[in-house]
Amino acid sequence: MLVIRDVKKAFGDVQVLRGVDLEVEKGDVVAILGSSGSGKTTLLRCINFLETADGGTMVFDGEIFRMESTSKKDIARIRKKTAFVFQSFNLFANKTALQNVTEGLIVARKIPKDQAAQLGRKALEKVGLKDRENHYPHQLSGGQQQRVAIARALAAQPEIIFFDEPTSALDPELIGEVLEVMRELAQEGMTMLVVTHEMNFAKNVSTKVIFMDQGRIVEQGNSREFFENPREDRTKAFLRMSTRNGEQ
């Protein structure tokens, strides 16, 4: 479904991605782990062309793209099949939950308002916010705002959703409600790439885990194998530290 090869990205003299390879199959839930500064978010942003990679290729739905020179037209086509959930919600403060969900459908995808509203209500119901469609962001908790953001992604009916640390901006007591929505999506077969520090999610929900360090993938494999039998010393050290910090 999605294959990337030799993706590189630098910011000035800092090499953030040093030739990353990754394969994602339909229905995969890929947890991307690593310490701060390891390149996780930059990788996700390059895959969705929020950042322009310096080099690398992408194969998506059978088409091959040079990531450093993909046209705006092709990027728009790719994004019609994908969705991105940011850690900071990125909701419009002056729009209701339903309006936040439908805005992109109406403006970017030219879907009629009635049809967009129908899709938006279905998506809000999916994330447990059917009764909050007329609430503005300031009337919602952080967890509810992030669920609106997930509903916005779902309403676009994507083939794959990218999550960039979706719980990192939330208070601890609100994290569970967001992870539960993501767990349900995984059970239904939604393909997801998730940059996360939530070890329980990575261990119990994801199908694959990749561990990044200094711009490279140090280790990857199915979730059970990754957590039960890590091969690389750097991976073992990361997992020990995560356990010590209570991220089991």
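Whatever comes next refers back to the structure up there.
Residues numbered from 1 in each chain as written. Predicted model: local features only at pLDDT ≥ 70, side-chain atom pairs only at ≥ 80, totals over all residues. Heavy atoms only, no water.

## A few points about the pairing of strand E4 (residues 55–60)
No. 1: Here E4 lies mainly inside the structure; five of its six residues are buried.
No. 2: Across five bridges, strand E1 (residues 2–11) lies against E4 in antiparallel orientation. The residue of E4 that forms the bridge with Leu2 is Phe60.
No. 3: Relative to strand E5 (residues 63–66), E4 runs antiparallel, the two sharing four bridges. Pairing of Thr57 across the sheet is with Arg66, part of E5.
No. 4: From the end of E4 to the start of E5, which pair antiparallel, there are two residues, and Asp61 there has a positive phi angle of about 50 degrees. (Buried < 20%, exposed > 50% of the residue type's maximum accessible area, 1.4 Å probe, protein only. Helix = DSSP H or I, 4+ residues; strand = E, 2+ residues; numbered from the N terminus. Pairing = 2+ DSSP bridges.)

## Notes on the sheet that holds strand E2 (residues 14–24)
No. 1: Strand order in the open sheet made by the four strands is E2-E1-E4-E5, with antiparallel pairing throughout. Looking at the sheet topology across the chains shown, the edges are occupied by E2 and E5. Across the sheet, the mean angle separating the axes of adjacent strands is 20 degrees when strand polarity is ignored.
No. 2: Its contacts with the sheet put helix H2 (residues 72–79) on E4 and E5, and the angle it makes with E5 is roughly 130 degrees. (Axes fitted to C-alpha atoms, helices over the stretch in contact; angles between N-to-C directions. Contact = heavy atoms within 4.5 Å.)

## As for the sheet that holds strand E7 (residues 160–164)
No. 1: Read across the sheet, six strands follow the order E6-E7-E8-E3-E9-E10 without closing on themselves; strand pairing throughout is mixed. Each edge of the open sheet carries a strand with a single partner, namely strand E6 (82–85) and strand E10 (216–222). Within the sheet, the average angular offset between the axes of one strand and its neighbour, ignoring direction, is 15 degrees.
No. 2: Pairing of strand E3 (residues 29–34) with strand E8 (residues 191–195) involves four bridges; the strand directions are parallel. Within E8, the residue paired with Ile32 across the bridge is Val195.
No. 3: Along the sheet, helix H5 (residues 142–155) makes contact with E6 and E7, crossing E6 at roughly 170 degrees.

## Re the pattern of salt bridges
No. 1: Evaluated as defined, the whole model comprises 17 salt bridges.
No. 2: Arg77 is the partner of Asp74 in a salt bridge, and the nearest nitrogen-oxygen pair spans 2.9 Å. With Asp74 and Arg77 both in helix H2 and three residues apart, the pair spans about one turn of that helix.
No. 3: With a shortest N-O distance of 3.0 Å, Arg147 and Glu177 are connected by a salt bridge. You can see Arg147 sitting in helix H5 and its partner Glu177 sitting in helix H6 (residues 172–187), a full 30 residues away along the chain.
No. 4: Among the residues examined, Arg147 registers a relative accessible area of 12% and is labelled buried. (Salt bridge = Lys/Arg side-chain N within 4 Å of Asp/Glu carboxyl O.)

## Topic: the environment of Leu193
No. 1: Summarising the element assignment, Leu193 is placed in strand E8.
No. 2: Judged by relative accessible area, which is 0%, Leu193 ranks as buried.
No. 3: Taking the C-alpha atoms as reference, Leu193 lies 26 Å from Lys130; in sequence the two are 63 residues apart.
No. 4: The residues contacting Leu193, other than those within four sequence positions of it, are Leu22, Val24, Val30, Ile32, Leu44, Ile47, Ile160, Ile161, Phe162 and Phe163.

## Regarding unusual backbone geometry
No. 1: Positioned with a positive phi, Phe49 is a non-glycine residue whose angle comes to about 65 degrees.
No. 2: Topologically, Phe49 is positioned in the loop between helix H1 (40–47) and E4.
No. 3: The backbone of Glu165 sits at a positive phi, close to 45 degrees, despite the residue not being glycine.
No. 4: Under the relative-accessibility criterion, Glu165 is labelled buried at 13%.

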